[in-house]
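Listed below, chain by chain, are the residues.
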Amino acid sequence: MSLKRVLIVNKSFPVAGLELLKNKVETIVLPHLDYEAESLPSIKDNLKGIDALIWNTKHKLTGELLTLAGPQLKAVSTMASGIDHIEVAEIKKRGIPLGNTPQVLDDAVADITVGLMIAAARRFKEGVQELEAGEWKYGVQWMVGQDITGSTVGIVGFGGIGQAVLRRLRGFDVAKFLYSGRTDKPEAKTLGAERVPLEQLLRESDYVILACPLTKETKHLINANSLKTMKKTSVVVNIGRGELIDQEALYDALKENQIFAAGLDVTTPEPLRNDHPLVSLPNCYIIPHMGSATVDTRNKMASISAQNVLLALEGKPMLFPC
Ligand SMILES: O=CC(=O)O
């Protein structure tokens, strides 16, 4: 019997995942990276007749593409926690199992969140720029930033990543942890976080951490109005998705020092061009979507994507079904 065919839409899919698939299925790895525009025609050319799909690209997986693949498609797996790049309803409509890779990236993303908090609040970008420009002019009022000690930290989206951020910050003597989200989280009691409405979180927090998925409800959750609600000294950190923030409003708020700083791991679009207005701001510290980028985490994510596919092809539940 011929092996099932699995299309992997990313040439850098880690070996840890490929090893699991070896000899069990036939793999077709497309020779493109996540963001390459030319990968779409290549995806279309290779979709027809495949049995499973590892969708490791920023292109949207649409109903049209699923139809192109054909009715034999039995599994879709993505090497990501977020699934906003997938038309989930189209997959469900066709009864195809869909899996993602949450949890294994919580620690790596939480680490980078704390890094962004410190980098933005303590003005790393400005400091480095002045050093590199030969303008190191040390003085008691030079490069002063904001403390984490004694602050109120508000976490929007208190899932695995949000909770891992809180656990890391315990050593920083934070005064108060707030969170907002769709549901009460039972873990909040032990972790010492209080659920409050988003408006209150924005008003009271010194740090606003965006760790929620992108949905119709959360799009532009940070906008001109919410930025006005925040403190002049507050720092916003986004490790969710770029579209959680109205970036034009953020630009204005940072430029006018309406808030203190921003630390962003995610932006709209990605990649963000280096001539984007946000890049020019000294109080906007941006890194290029590196949250889960550690060797170990990416290997775990690849292994889970592979296992999700293998399980679904055997008619079993995926490890992380969506
Ligand atoms: O952003 C990364 C992910 O969703 O895994």
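Residues numbered from 1 in each chain as written. Predicted model: local features only at pLDDT ≥ 70, side-chain atom pairs only at ≥ 80, totals over all residues. Heavy atoms only, no water.

## So, the domain arrangement of the protein chain
Under the domain assignment used here, the protein chain contains domain 1 (5-102 + 295-314) and domain 2 (105-286). Interface area lost by domain 1 to domain 2 is led by Tyr-35, Asp-84 and Thr-297, which between them contribute 62%. Taken together, the connections running from domain 1 to domain 2 amount to one salt bridge. A salt bridge links Asp-84 to Arg-241; the nearest nitrogen and oxygen atoms lie 2.9 Å apart. One can count two residue pairs in polar contact (both at pLDDT 80 or more) joining domain 1 with domain 2. In terms of residue class, the side of domain 1 that touches domain 2 is made up of two nonpolar, four polar and one charged. (Domains from an automatic or database assignment. Buried area = accessible area lost by both parts, 1.4 Å probe. Salt bridge = Lys/Arg side-chain N within 4 Å of Asp/Glu carboxyl O. Polar contact = N/O pair within 3.5 Å; in protein donor to acceptor, adjacent residues only side chain to side chain. Nonpolar A, V, L, I, M, F, W, Y, C, P; charged D, E, K, R; others polar.)

## A short note on the pairing of strand β11 (residues 261-264)
The alternating pattern of β11 places Ala-261 and Gly-263 on one face and Ala-262 and Leu-264 on the opposite face, and all of these are buried. The pairing of strand β10 (residues 235-238) with β11 spans four bridges and is classified as parallel. Along β11, the bridge assignment pairs Val-236 with Ala-262. This β-α-β element, β10 to helix α11 (residues 247-255) to β11, shows right-handed connectivity. Pairing of β11 with strand β12 (residues 284-286), which is carried by three bridges, proceeds in the parallel orientation. Directly across from Leu-264, in β12, lies its bridge partner Ile-286. (Buried < 20%, exposed > 50% of the residue type's maximum accessible area, 1.4 Å probe, protein only. Helix = DSSP H or I, 4+ residues; strand = E, 2+ residues; numbered from the N terminus. Pairing = 2+ DSSP bridges. Right-handed = clockwise from strand over helix to strand, strands pointing away.)

## Some words on helix α5 (residues 106-121)
Taking 1.5 Å of rise per residue, 16 residues should cover 22 Å, and α5 covers 22 Å from first to last C-alpha, within 8% of that figure. Across the 16 residues that make up α5, a large majority, twelve, are buried. Those residues of α5 that sit buried are Asp-106, Ala-108, Val-109, Ala-110, Ile-112, Thr-113, Val-114, Leu-116, Met-117, Ala-119, Ala-120 and Ala-121. Arg-123 sits one or two positions beyond α5 and adopts a positive phi of about 60 degrees. (Expected span 1.5 Å × (residues − 1).)

## Re the sheet that holds strand β6 (residues 152-156)
Read from one edge to the other, the open sheet built from seven strands follows the order β8-β7-β6-β9-β10-β11-β12, with strand pairing classed as parallel. If you trace the sheet from one side to the other, it starts and ends with β8 (193-195) and β12, each paired once. Strand-to-strand twist of the sheet, defined as the mean angle between neighbouring strand axes without regard to direction, takes the value 20 degrees. The pairing of β6 with strand β9 (residues 207-210) spans four bridges and is classified as parallel. Residue Val-156 lies in a different strand from β9, and its bridge partner there is Leu-210. Against the sheet, α11 contacts β10, β11 and β12, and its axis sits at roughly 140 degrees relative to β11. (Axes fitted to C-alpha atoms, helices over the stretch in contact; angles between N-to-C directions. Contact = heavy atoms within 4.5 Å.)

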